[in-house]
Amino acid sequence: MELTIRPRRLRSSETLRKMVRETRVDKSSLVYPMFVAEGENVKEEIPSMPGQYRYSIDRMEEKLEELMDAGVNSVMFFGIPDRKDELGSMAYALDGIVQKAFQRAKRQVPGMYLIGDVCMCEYTSHGHCGVLKGDDVDNDKTLELLAKTALSQVQAGADMVAPSDMMDGRVGSIRRILDANGFVHTPIMAYSVKFASAFYGPFRDAADSAPAFGDRKTYQMDFHNRREALREAALDVKEGADIVMVKPAMAYGDLIREIKDSVHVPVASYSVSGEYAMVKAAAERGWLSEERIICEMAACAFRAGTDIYITYFAKELAECMERGLIG
Ligand code: PBG
């Protein structure tokens, strides 16, 4: 057989496969999402996310140290308050749970890079991502509260803020308030391309944030859409987003790639709670290999164009990188 071109030639050994590998991964790309709750000595497992916990702030240090030891040095905090109201006032309270967590984490583990998720849904009694006007969110009124929330997080010690609410104009509002208060160098990572997704189910258990009525479709995106994703990302960049995010990650690789090719800022993707839960559930039954699946999912997200990968498997992935299972 006269075959000059044989792609298999470059697959003949592990050394060669690694040499020609197109996607390289690094622990510095990983961000771990973490739930912080009121109370003392709390480390409570989230039923739909086995292996993930809500930590009270006196217990979070052990997790932060564990992450640092594994080489993961960025976390994103989600606060779980002990009381909720119509206006989500604990989201921007100076003694709110997430603000206290930032203060403490900054002191205890100064090497950890701290990112704040900015949203109202964990803090509102109705579970929506903004304040209500009738049955819908009041976009423009919510902007003020989101800006206040972001500022309070940064004042408490957050190194970066990440608005996940999907209100129009929030990146601009947050940029303005941060700048007006002297935080001109605090970056904004916008959840720009965030879909109304069933993949968030377990998170809503974890954060107790399912909407009491209706759904999030008037603000989160319709997953049938692609051009709208480009529009959202471009808009956020124009308003001052330093990083844009695509969420979920696993089923949205096409959009990670398109966003990567269309904007000139780093692209994050968020492998969400439902992705975690599916892998865990199947692995528990012995139906697939957790380790191999998480490496494959991560490599695919990076191959699609991810620069920053937010995942509940951050520590496990860092360990897989160390062992050369993903490279
Ligand atoms: C808050 C927020 C959500 C997630 C991140 N920030 C939930 C939602 O939009 O309903 C989901 C994260 C996950 O599923 O892991 N708005």
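Each remark here, short or long, concerns the structure printed above.
Residues numbered from 1 in each chain as written. Predicted model: local features only at pLDDT ≥ 70, side-chain atom pairs only at ≥ 80, totals over all residues. Heavy atoms only, no water.

Draft legend 1. Seen up close, the nonpolar core. In terms of nonpolar packing, the biggest core is built from 109 residues, with M60, M76, F77 and M189 touching the most fellow members. When near neighbours in sequence (up to four residues on either side) are disregarded, F77 contacts M34, V36, M60, V98, A101, F102, A105, L114, I115, G116 and D117. (Core = buried A, V, L, I, M, F, W, Y, C linked by side-chain atoms within 4.5 Å. Buried < 20%, exposed > 50% of the residue type's maximum accessible area, 1.4 Å probe, protein only. Contact = heavy atoms within 4.5 Å.)

Draft legend 2. Structural detail: the pattern of salt bridges. Taken as a whole and assessed by the stated rule, the structure comprises 20 salt bridges. Across the pair E14 and K18 runs a salt bridge whose closest N-O atoms are separated by 3.8 Å. Highlighted residues: E14 and K18, both in helix 1 (residues 14-19), separated by four residues, approximately one helical turn. Judged by its relative accessible area of 39%, E14 falls in the partly exposed class. Judged by relative accessible area, K18 falls into the partly exposed class, the value being 33%. Between D307 and K260 there is a salt bridge; the shortest N-O distance is 3.1 Å. Taken together, the residues D307 in the loop between helix 10 (290-304) and strand 12 (308-311) and K260 in helix 8 (residues 253-262) connect sequence positions 47 residues apart. For D307, a relative accessible area of 29% puts it in the partly exposed group. The structure contains a network of salt bridges with shared partners spanning K63, E66, K315 and E319. (Salt bridge = Lys/Arg side-chain N within 4 Å of Asp/Glu carboxyl O. Helix = DSSP H or I, 4+ residues; strand = E, 2+ residues; numbered from the N terminus.)

Draft legend 3. Spatial organisation of the site of the ligand. Taken together, the neighbourhood of the ligand is formed by 18 residues, with K194, R204, K247, S273 and Y312 sitting nearest. In this structure, K194 approaches the ligand through a side-chain N or O atom, which is 2.6 Å from an oxygen atom. In the complex, the protein chains occlude 100% of the 400 Å² of accessible area that the ligand would expose alone. Elements with a contribution of two residues or more to the shell around the ligand: strand 9 (189-194) and helix 6 (201-207). Each residue belonging to the shell around the ligand can be placed in one class, and the counts come to 10 nonpolar, three polar and five charged. (Near = heavy atom within 4 Å. Polar contact = N/O pair within 3.5 Å; in protein donor to acceptor, adjacent residues only side chain to side chain. Areas by Shrake-Rupley, 256 points an atom, 1.4 Å probe, with all protein chains shown as cover. Nonpolar A, V, L, I, M, F, W, Y, C, P; charged D, E, K, R; others polar.)

Draft legend 4. Representation of helix 3 (residues 97-108) within the structure. For helix 3, which comprises 12 residues, the first-to-last C-alpha distance of 16 Å matches the rise-based estimate of 16 Å (1.5 Å per residue) to within 8%. Within helix 3, burial applies to I97, V98, Q99, A101, F102 and A105. At its buried positions, helix 3 is contacted by strand 1 (30-37), helix 2 (60-70), strand 4 (74-80), strand 5 (113-118) and helix 4 (139-156). (Expected span 1.5 Å × (residues − 1).)

Draft legend 5. Molecular detail of a positive patch on the surface. Together, R6, R8, R9 and R11 give the surface a local cluster of positive charge. Here R9 falls in the partly exposed class, since its relative accessible area comes to 48%. (Patch = residues over 30% accessible without salt bridge, like charges linked within 9 Å, V, L, I, M, F, W, Y side chains within 5 Å. Lys, Arg positive; Asp, Glu negative; His and termini not counted. Charge placed at Lys NZ, Arg CZ, Asp CG, Glu CD.)

Draft legend 6. Representation of the environment of G71 in the model. Here G71 is to be found in the loop between helix 2 and strand 4. Overall, the relative accessible area of 27% leaves G71 in the partly exposed class. A sequence separation of 69 residues divides G71 from D140, and the C-alpha atoms of the two residues are 40 Å apart.

Draft legend 7. Main features of the pairing of strand 5. Among the six residues of strand 5, five are classified as buried, and the element is accordingly described as predominantly covered. Bridging between strand 4 and strand 5 involves four bridges; their strand directions are parallel. Counted as the bridge partner of V75 is L114 from strand 5. The handedness of the strand 4 to strand 5 crossover, carried by helix 3, is right-handed. (Pairing = 2+ DSSP bridges. Right-handed = clockwise from strand over helix to strand, strands pointing away.)

Draft legend 8. The arrangement of unusual backbone geometry in detail. Of note, the bond from K247 into P248 is cis; its omega dihedral lies within 30 degrees of zero at -5 degrees. Note that P248 resides in the loop between strand 10 (243-247) and helix 8. One non-glycine residue, N41, lies in positive phi territory at about 55 degrees. The residue M166 is not glycine, and still its phi comes out positive at about 70 degrees. Structurally, M166 can be placed in the loop between strand 8 (160-163) and helix 5 (170-180). The class of M166 is buried, set by a relative accessible area of 3%.

Draft legend 9. The arrangement of the side chain of D165 in detail. Position of D165 among the secondary structure elements: in the loop between strand 8 and helix 5. When its relative accessible area of 0% is taken as the criterion, D165 is described as buried. At a separation of 2.7 Å, a polar atom in the side chain of D165 contacts the main-chain amide nitrogen of M167. For D165, the side chain forms a polar contact with the side chain of R170, separated by 3.4 Å. Excluding anything up to four places from it in sequence, D165 contacts V118, C119, C129, L146, R170 and Y219.

Bear in mind that shape data such as this cannot, by itself, settle questions of function.
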